[in-house]
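Okay, here's what each chain looks like letter by letter:
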Amino acid sequence: MKIRILSPAIEDLAHGRIFYEKQSLGLGSYFFTSLFSEIDSLILYAGIHPIRSGHHRLLAKRFPYAIYYKIHRQEILIHRVLDCRRDPQWILNELG
């Protein structure tokens, strides 16, 4: 299977990186590396995560973020990477 990260998810990752870099020098890079490691794990574990709002939801281990993805044919499509501390209604709206 192949992983494709869609534009909204790339923007989510960029915003998260900026936020964490403002908290502490180097933390943004650690955030980015950690989340990409989680995304890479989907090569082995795609499809085992619970479905929320029509997307599989992988909860990140080191940061309070969720990776929302779908499997379409032989591709894992990363739709969003959202901060779980946000209002649940906001998350539902973002997922459409």
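Residues numbered from 1 in each chain as written. Predicted model: local features only at pLDDT ≥ 70, side-chain atom pairs only at ≥ 80, totals over all residues. Heavy atoms only, no water.

## Quick word on the overall build of the protein chain
Link 1 in the chain: Counting its secondary structure elements, the protein chain contains 4 helices and 5 strands.
Link 2 in the chain: The C-alpha atoms of the protein chain give a radius of gyration of 13 Å, which matches the 12 Å a tight globule of 96 residues would have.
Link 3 in the chain: The principal-axis extents of the C-alpha atoms in the protein chain amount to approximately 40 × 30 × 20 Å.
Link 4 in the chain: Out of the 96 residues in the protein chain, the part that is buried amounts to 34%.
Link 5 in the chain: When contacts within the protein chain are restricted to residue pairs at least 6 apart in sequence, those whose partners lie at least 24 apart make up 45%.
Link 6 in the chain: A total of about 5900 Å² of accessible surface is found on the protein chain, and carbon and sulfur atoms cover 55% of it. (Helix = DSSP H or I, 4+ residues; strand = E, 2+ residues; numbered from the N terminus. Rg over C-alpha atoms; globule rule 2.2 N^0.38 Å. Buried < 20%, exposed > 50% of the residue type's maximum accessible area, 1.4 Å probe, protein only. Contact = heavy atoms within 4.5 Å. Areas by Shrake-Rupley, 256 points an atom, 1.4 Å probe, with all protein chains shown as cover.)

## Looking at the environment of Lys61
Link 1 in the chain: Positionally, Lys61 belongs in the loop between strand E3 (55–59) and strand E4 (65–72).
Link 2 in the chain: Looking at Lys61, the relative accessible area reads 66%, which means it is exposed.
Link 3 in the chain: In the structure, Lys61 is positioned 27 residues away from Ser34 in sequence and 8.4 Å away in space, judged by C-alpha atoms.

## Re the sheet that holds strand E1 (residues 2–5)
Sheet strands line up and pair through hydrogen bonds in the backbone, either parallel or antiparallel.
Link 1 in the chain: The strand order E1-E5-E4-E3-E2 describes an open sheet built from 5 strands, whose pairing is mixed. On the outer flanks of this sheet lie E1 and strand E2 (51–52), each paired with one strand and no other.
Link 2 in the chain: Alignment of E1 against strand E5 (residues 75–83), held across 4 bridges, turns out to be parallel. What sits directly across from Arg4, in E5, is Leu77.
Link 3 in the chain: Against the sheet, helix H2 (residues 27–40) touches E1, E3, E4 and E5, its axis set at about 30° to E4.
Link 4 in the chain: Most of the contacts of helix H4 (residues 88–95) go to E5, to which it runs at about 150°, and overall it touches E3, E4 and E5. (Pairing = 2+ DSSP bridges. Axes fitted to C-alpha atoms, helices over the stretch in contact; angles between N-to-C directions.)

## What to know about the environment of Lys70
Link 1 in the chain: Mapped onto the elements of the fold, Lys70 is located in strand E4.
Link 2 in the chain: Using a relative accessible area of 33% as the deciding quantity, one classes Lys70 as partly exposed.
Link 3 in the chain: Taking C-alpha positions, Lys70 is 11 Å from Ile48, a pair spaced 22 residues apart along the chain.
Link 4 in the chain: Leave out the neighbours within four places in its chain, and Lys70 touches Gly54, His55, Glu75, Ile76, Leu77 and His79.

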